[in-house]
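Structure assessment
Single-letter residue listing:
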Amino acid sequence: ILELMRIFIDEYRMDWDRAWDITTRTCAYTNHTILPEALEEWSVSIFEHLLPRHLEILYEINRRFLRDVSVRYPGDEARISRLSLIREKPSKKVRMANLAIVGSHSVNGVAKLHTRLLKEEVFKEFDELFPGRINNKTNGVTPRRWLLAANPGLAELITEKIGKGWIKNLDELRMLEPFAENAVFQKRFNDIKRRNKENLAVLTRGLTGVPIDPVSIYDVQIKRIHEYKRQLMNILHVVYLWLRLKEEPDFKMHPRTFIFAGKAAPSYAMAKMIIRLICHVGEMINDDPMTNDILKVVFLPNYSVSLAERIIPAADISEQISTAGYEASGTGNMKLALNGALTVGTLDGANIEIMEEVGEENIFIFGLHADEVLELRKSYDPRQYYEKDAILKKAIDLIADGLFSPDDRQLFRPLADYLLKRDPYLVLADFESYRKTHEKIDLAYQDRLSWAKTALLNVARMGRFSSDRAILEYNRDIWHAEPVKISSENFEKAQTDQAQQTVWKT
């Protein structure tokens, strides 16, 4: 925004009003998260040193903007301070999100809940000032990569039954619904899933040295490592299951392989500690002869798109367990469901819309809702959940006392202290609901044909989450660009090239 204004004013000698009109009609802002660390604030002193002309333009934008706010809300100095592009105290910072809103003609969230939170909480006063500017564009994923190329066996089965129109129009997957009831089709789906799991087992053995059993449930959480995404709750549940297997003779569960992958930001110490805990827990549990035929944990290194293309077609369970109100949308949830993995998740981000599409009976929802999270925070005491469940208490105590880090008994004590003293993302509050939901998953998996039916209905009802739909909505409501036709010959060639690349890579 600032650079475009500089070019218009300094290089093309436009007057301010014309330059601002073109700039705001050109720029649009997609907000991808409500997390404070992502709503960036940049030091004014850095601007002064590196971008002095841009800072001058910023000050003029802010002066004119705050003049208009003052006319709208005369005497409301507190509101003027909150809306300002500059935060004055404790040190002067440029509020980049505020600049993006003021300098754009459209501001959008990437899922219905996310957009509602933007309008009602994060940018509430901007929504009042610019009614209609904030809008929703739910994310989408490309079926050409995440089904056609990544899962050729399933893609071939789909095309055999309904033709290949789904490749360009994912809504056509709805034609699969009648086949979801067919036992022969269910078995063929299960056979494809089994082959994908066998392929992933070979890859996992090569990357980690850990043998995993394709007969087991592949329970997958693959995403950026972050506290709000709650990989910590997942690995805590693994320890919980391990203790039950060891201490409760009557406890039975279907063999389960917990698969993690993802990266932490370079300076994100807590996220890196969570990765270390996953790896340490996996190392111990995988070597326990009493349980390792039932329970395995692997952390696949160097997560990438190429690795995701191998994991996603093999997944049985998709872990989408963020604290409600924090995940803007998610796209891994879409990719996994498109490939027939069943979601266990909170009512957060696009999980809500996935549930609306696939049906409440075809997804495993647990935990607090976003408004309940806000209410509980006012009086939250994590220790009451810790004291209430003896196995949970023991799991946290073992982590704190160094069972999983014998070379450094204090290594993971900060994680236990974090859970018991702060637990900002309500891991312990949601834990009981989470573990009970996993018991339902275990029971449901016993009927493999019924499970296949549910998985196929997830595949059939994921048409809304195509990037084609998302791009069309952006173009219709924000960009207003003329569509460009691509000849069917070029499309077929691109499709063939991508499939050949996949075969070569495999």
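Residues numbered from 1 in each chain as written. Predicted model: local features only at pLDDT ≥ 70, side-chain atom pairs only at ≥ 80, totals over all residues. Heavy atoms only, no water.

Brief notes about the overall build of the protein
For the protein, the helix and strand inventory stands at 24 helices and 12 strands. Its C-alpha radius of gyration of 25 Å places the protein within 12% of the 23 Å reference for a compact globule of 506 residues. The C-alpha extent of the protein, read off along each of the three principal axes, is 75 × 60 × 35 Å. Expressed as a percentage of contacts within the protein between residues at least 6 apart in sequence, the contacts between residues at least 24 apart total 75%. With an accessible surface of roughly 23,300 Å², the protein has 53% of that area assigned to carbon and sulfur atoms. Positive and negative side-chain charges in the protein, numbering 71 and 73 respectively, have mean positions lying 2 Å apart. (Helix = DSSP H or I, 4+ residues; strand = E, 2+ residues; numbered from the N terminus. Rg over C-alpha atoms; globule rule 2.2 N^0.38 Å. Contact = heavy atoms within 4.5 Å. Areas by Shrake-Rupley, 256 points an atom, 1.4 Å probe, with all protein chains shown as cover. Lys, Arg positive; Asp, Glu negative; His and termini not counted. Charge placed at Lys NZ, Arg CZ, Asp CG, Glu CD.)

Focus on the environment of Met270
Turning to its location among the elements, Met270 is positioned in helix 13 (residues 269-286). If we skip the residues at most four places from it in the chain, Met270 touches Glu227, Leu415 and Tyr418.

Here's the deal with the nonpolar core
Grouped together as the largest cluster of nonpolar side chains are 165 residues, with contacts concentrated most on Phe65, Trp166, Leu236 and Leu428. For this core, the element with the highest residue contribution is helix 12 (residues 231-247), accounting for 11 residues. With residues near it in sequence (within four places) discarded, Trp166 still touches Leu147, Leu148, Ala155, Ile158, Thr159, Glu172 and Leu173. (Core = buried A, V, L, I, M, F, W, Y, C linked by side-chain atoms within 4.5 Å. Buried < 20%, exposed > 50% of the residue type's maximum accessible area, 1.4 Å probe, protein only.)

Some details on the side chain of Asn339
As for its placement among the helices and strands, Asn339 is situated in the loop between helix 15 (332-338) and strand 11 (342-345). Overall, Asn339 belongs to the buried group, its relative accessible area being 1%. Within the structure, Asn339 has its side chain in polar contact with the backbone oxygen of Trp146 (distance 2.7 Å). (Polar contact = N/O pair within 3.5 Å; in protein donor to acceptor, adjacent residues only side chain to side chain.)

A closer look at the packing of helix 12 against helix 13
Where helix 12 contacts helix 13, the axes come no closer than 10 Å and their chain directions differ by 20°. Considering the angle they form, helix 12 stands roughly parallel to helix 13. When you trace helix 12 past helix 13, the crossing you get is left-handed. Two secondary-structure elements touch here, helix 12 through Gln231, Leu232, Ile235, Val238, Val239 and Trp242 and helix 13 through Ile274, Leu277, Ile278, Val281, Met284 and Ile285. Considering only residue class, the contact of helix 12 with helix 13 consists of 11 nonpolar, one polar and no charged. (Axes fitted to C-alpha atoms, helices over the stretch in contact; angles between N-to-C directions. Parallel < 35°, antiparallel > 145°, perpendicular 65-115°, else oblique. Left-handed = near helix turned anticlockwise from the far one by under 90°. Nonpolar A, V, L, I, M, F, W, Y, C, P; charged D, E, K, R; others polar.)

Quick look at the sheet that holds strand 4 (residues 93-95)
The antiparallel open sheet is built from three strands, whose spatial order is 2-4-3. A single partner strand is all that each edge strand has here, and the edge strands are strand 2 (41-43) and strand 3 (86-87). (Pairing = 2+ DSSP bridges.)

Focus on the packing of helix 1 (residues 2-11) against helix 2 (residues 16-26)
The geometry of helix 1 relative to helix 2 is characterised by a closest axis approach of 9 Å and an angle of 145° between their N-to-C directions. Our pair here, helix 1 against helix 2, has a crossing hand that is right-handed. Of the residues in helix 2, those touching helix 1 at Leu4, Met5, Phe8 and Ile9 are Trp16, Ala19, Trp20, Ile22, Thr23 and Thr26. Grouping the amino acids of the contact of helix 1 with helix 2 by side-chain chemistry returns eight nonpolar, two polar and no charged.

Regarding the packing of aromatic side chains
Describing an aromatic ring pair means giving the distance of the ring centres and the angle of the ring planes. Considering all chains together, one arrives at 14 aromatic pairs under this definition. A ring pair is formed by Phe179 and Phe185, whose centres lie 5.5 Å apart and whose planes are at 40°; its orientation type is tilted. Residue classification places Phe185 among the buried positions, given a relative accessible area of 3%. An aromatic cluster of three or more residues is present, and its members are Phe65, Phe123, Phe126 and Phe130. The residue whose ring lies beneath Arg133 is Phe130, and the NZ or CZ to ring-centre distance is 3.8 Å. (Phe/Tyr/Trp six-rings, centres within 6.5 Å; stacked < 30°, edge-to-face > 60°. Lys NZ or Arg CZ within 6 Å of the ring centre and 35° of its normal.)

Overview of the environment of Asp316
Checked against the element boundaries, Asp316 lands in the loop between helix 14 (305-311) and strand 10 (317-320). In this structure Asp316 comes out as buried when scored by relative accessible area, which is 2%. With 139 residues separating them along the chain, Asp316 and Ala455 place their C-alpha atoms 8.6 Å apart. Excluding residues that lie within four positions of it along the chain, Asp316 makes contacts with Lys193, Lys197, Ser216, Ile217, Tyr218, Ala341, Leu342, Tyr445 and Trp451. Only 2.9 Å separates the side chain of Asp316 from the backbone nitrogen of Tyr218, close enough to count as a polar contact.

Thoughts on the sheet that holds strand 10
The sheet built from six strands is open, its strands ordered 9-8-7-10-11-12 with parallel pairing. Strand pairing shows two members of the sheet lacking a second neighbour, strand 9 (295-300) and strand 12 (364-365), which therefore form its edges. The strands touched by helix 12 within the sheet are strand 7 (217-222), strand 8 (256-261), strand 9 and strand 10, with strand 8 carrying the most contacts at an inclination of about 155°. Most of the contacts of helix 13 go to strand 9, to which it runs at about 140°, and overall it touches strand 8 and strand 9.

With respect to the pattern of salt bridges
As enumerated under the stated definition, the model contains 46 salt bridges in all. We note a salt bridge from Glu60 to Arg63, for which the minimum N-O separation is 2.8 Å. You can see Glu60 and its partner Arg63 sitting in helix 4 (residues 52-72), three residues apart, about one turn around the helix. For Glu60, a relative accessible area of 22% gives the class partly exposed. A salt bridge links Lys246 to Asp288; the nearest nitrogen and oxygen atoms lie 2.9 Å apart. In this pair, Lys246 is assigned in helix 12 and Asp288 in the loop between helix 13 and strand 9, connecting sequence segments 42 residues apart. For Lys246, a relative accessible area of 32% translates into the label partly exposed. Overall, Asp288 belongs to the buried group, its relative accessible area being 9%. Several salt bridges converge on common partners, so that one network encompasses Asp76, Arg79, Arg82, Lys124, Glu125 and Glu128. (Salt bridge = Lys/Arg side-chain N within 4 Å of Asp/Glu carboxyl O.)

Overview of the pairing of strand 8
Counted residue by residue, strand 8 has six buried out of six residues, so it is predominantly covered. A two-sided burial pattern is seen for strand 8, the buried positions comprising Arg256, Phe258 and Phe260 on one face and Thr257, Ile259 and Ala261 on the other. As paired elements, strand 7 and strand 8 share six bridges and run parallel to each other. The residue of strand 8 that forms the bridge with Ile217 is Arg256. The β-α-β motif built from strand 7, the intervening helix 12 and the parallel element strand 8 has right-handed crossover chirality. Following the backbone out of strand 8, through helix 13 and into the adjacent parallel strand 9, one traces a crossover that is right-handed. (Right-handed = clockwise from strand over helix to strand, strands pointing away.)

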